[in-house]
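Observations on the three-dimensional arrangement
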Amino acid sequence: MAGKPYFCKIMEEQPESNPPFRNHRAGFVSIIGKPNVGKSTLMNVLVGERMSIITSKAQTTRHRILGILNGKHEDIPFQLVYSDTPGVIKPAYKLHDSMMTFVKGSLEDADVVLFVTEVGEKAAEHEVLPLLKRTDSPIILVLNKIDLSSDEEVTAKMAEWENEIHPAAIIPISALEQANIATLFDGVITRLPFHPPYFDEDELTDKPERFFASEIIREKIFLNYRQEIPYSSEVMITEFKERDDMIVIRAEILVERKSQKGIIIGEKGEMLKKVGTQARLDLEEFFGKKVFLEQHVKVEPDWRSKENKLRQLGYQE
Ligand SMILES: Nc1nc2c(ncn2[C@@H]2O[C@H](COP(=O)(O)OP(=O)(O)OP(=O)(O)O)[C@@H](O)[C@H]2O)c(=O)[nH]1
Ligand SMILES: [Mg+2]
């Protein structure tokens, strides 16, 4: 599971050197909030890469995904390790328990928390508040989607949050329109501890290439099917072979029932073909190479409730 590498935890326990270390900043920045508030959109904007899939449906993100950004701020080099996380929900399946474990782990590692909300949410009795007790680190309340509201509504919502949780800062943004992102970045970087880097400079994430392949296919399932289909589906990459001229990817789409298999495939295979074409084009752009994609659909009854299946799918350690 993603988290601070073990050697870093040992390093942190060393007595502080004298004079104090002041020539590099590094830290974990956890992006948390309810489903669909724009966490993944924000993560991609902050990292400047397409790391996380984004759809208009809630519960798109199912994993903790690290996005690593190296740079320099006021002459001091930094390494920001962002974590995109699943939206906070009340678990209905074992899958959701694992998703919430990812959220909790990321909060426990966090040096700075970005608590993302949108203007329509009420501050009082907000579902995420109990979780925030898991961290002593500064919490920046990110009020997203301000492009959908008037200035008056935004100001009133900021006051509501100030009264409710007294965060370290409240920063209104639009992740979609990339508004006020520089202010948010400044709020993060100035709160980042002085620390040596956690990861090599060429590492962008903790996830392997096949993870991103499965996510891109899953995004197309979220975009092309309705009701319970996206939530009952999972994508497993059974083969990922990089050749000189192309990448060969074989994917298994898991669904929970036979009827869902029929819906995924569609009449004369039309729907699956559409998903495959959209996914292949995106995979080619993501990997910068030609992709041969083969998809199979398999019924795996109740995979969302089966511990061994979830482990196999990367949801548990
Ligand atoms: N209008 C507007 N829409 C936004 C903004 N940020 C994100 N969205 C949209 O909100 C929807 C959800 O965005 P995501 O980034 O997938 O949200 P999320 O919080 O990661 O959702 P989960 O992974 O389901 O928890 C998408 O349709 C985005 O395009 C914004 O600033 N303004
Ligand atoms: Mg997301």
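Residues numbered from 1 in each chain as written. Chains lettered and ligands numbered in written order. Predicted model: local features only at pLDDT ≥ 70, side-chain atom pairs only at ≥ 80, totals over all residues. Heavy atoms only, no water.

**Examining the domain arrangement of the protein chain**
- Partitioning the protein chain into structural domains gives domain 1 (8–189) and domain 2 (209–312).
- For domain 1 and domain 2, the distance between their C-alpha centres works out to 29 Å.
- Counting from both sides, the interface comprises 16 residues of domain 1 and, opposite them, 20 residues of domain 2.
- At the boundary of domain 1 with domain 2, total buried surface from both sides reaches about 1800 Å², with 56% on carbon and sulfur atoms. (Domains from an automatic or database assignment. Contact = heavy atoms within 4.5 Å. Buried area = accessible area lost by both parts, 1.4 Å probe.)

**Topic: the coordination of the magnesium ion (ligand 2)**
- Only S40 (OG) and T61 (OG1) from the protein coordinate the magnesium ion (ligand 2), and they sit 2.0 to 2.1 Å from it. Of this pair, S40 sits in helix 2 (residues 39–47) while T61 is found in the loop between helix 2 and strand 2 (65–73), placing the two residues 21 residues apart along the sequence.
- Classification of S40 by relative accessible area gives buried; the value is 8%.
- Given a relative accessible area of 8%, T61 falls into the buried group. (Donors = N, O, S within 2.8 Å, 3.2 Å for Na, K, Ca; no water. Helix = DSSP H or I, 4+ residues; strand = E, 2+ residues; numbered from the N terminus. Buried < 20%, exposed > 50% of the residue type's maximum accessible area, 1.4 Å probe, protein only.)

**Some words on the environment of L46**
- When you line up the elements, L46 lands in helix 2.
- Residue classification places L46 among the buried residues on the basis of a relative accessible area of 7%.
- Distance in space between the C-alpha atoms of L46 and G67 is 8.8 Å, their sequence separation being 21 residues.
- With residues up to four places along the chain from it excluded, the contact list for L46 reads I31, L69, Y82, L114, I181 and L184.

**Re the pattern of salt bridges**
- Within this structure, the stated rule accounts for 22 salt bridges.
- D282 serves as the salt-bridge partner of K220, at 2.9 Å between the closest nitrogen and oxygen. Taken as a pair, K220 in helix 7 (residues 209–224) and D282 in helix 10 (residues 270–287) lie far apart in primary sequence, 62 residues in all.
- A salt bridge links K309 to E300; the nearest nitrogen and oxygen atoms lie 3.5 Å apart. (Salt bridge = Lys/Arg side-chain N within 4 Å of Asp/Glu carboxyl O.)

**Some remarks on the site of ligand 1**
- Around ligand 1 sit 23 residues, and of these K39, T41, Q59, T60 and D147 come closest.
- Between ligand 1 and L176 there is a distance of 3.1 Å, counted from an oxygen atom to a backbone nitrogen or oxygen.
- When the free accessible area of ligand 1 is taken as 650 Å², the share hidden by the protein chains comes to 90%.
- The element best represented in the shell around ligand 1 is helix 2, accounting for 3 residues.
- Here the shell around ligand 1 is built from residues that sort into 7 nonpolar, 12 polar and 4 charged. (Near = heavy atom within 4 Å. Polar contact = N/O pair within 3.5 Å; in protein donor to acceptor, adjacent residues only side chain to side chain. Areas by Shrake-Rupley, 256 points an atom, 1.4 Å probe, with all protein chains shown as cover. Nonpolar A, V, L, I, M, F, W, Y, C, P; charged D, E, K, R; others polar.)

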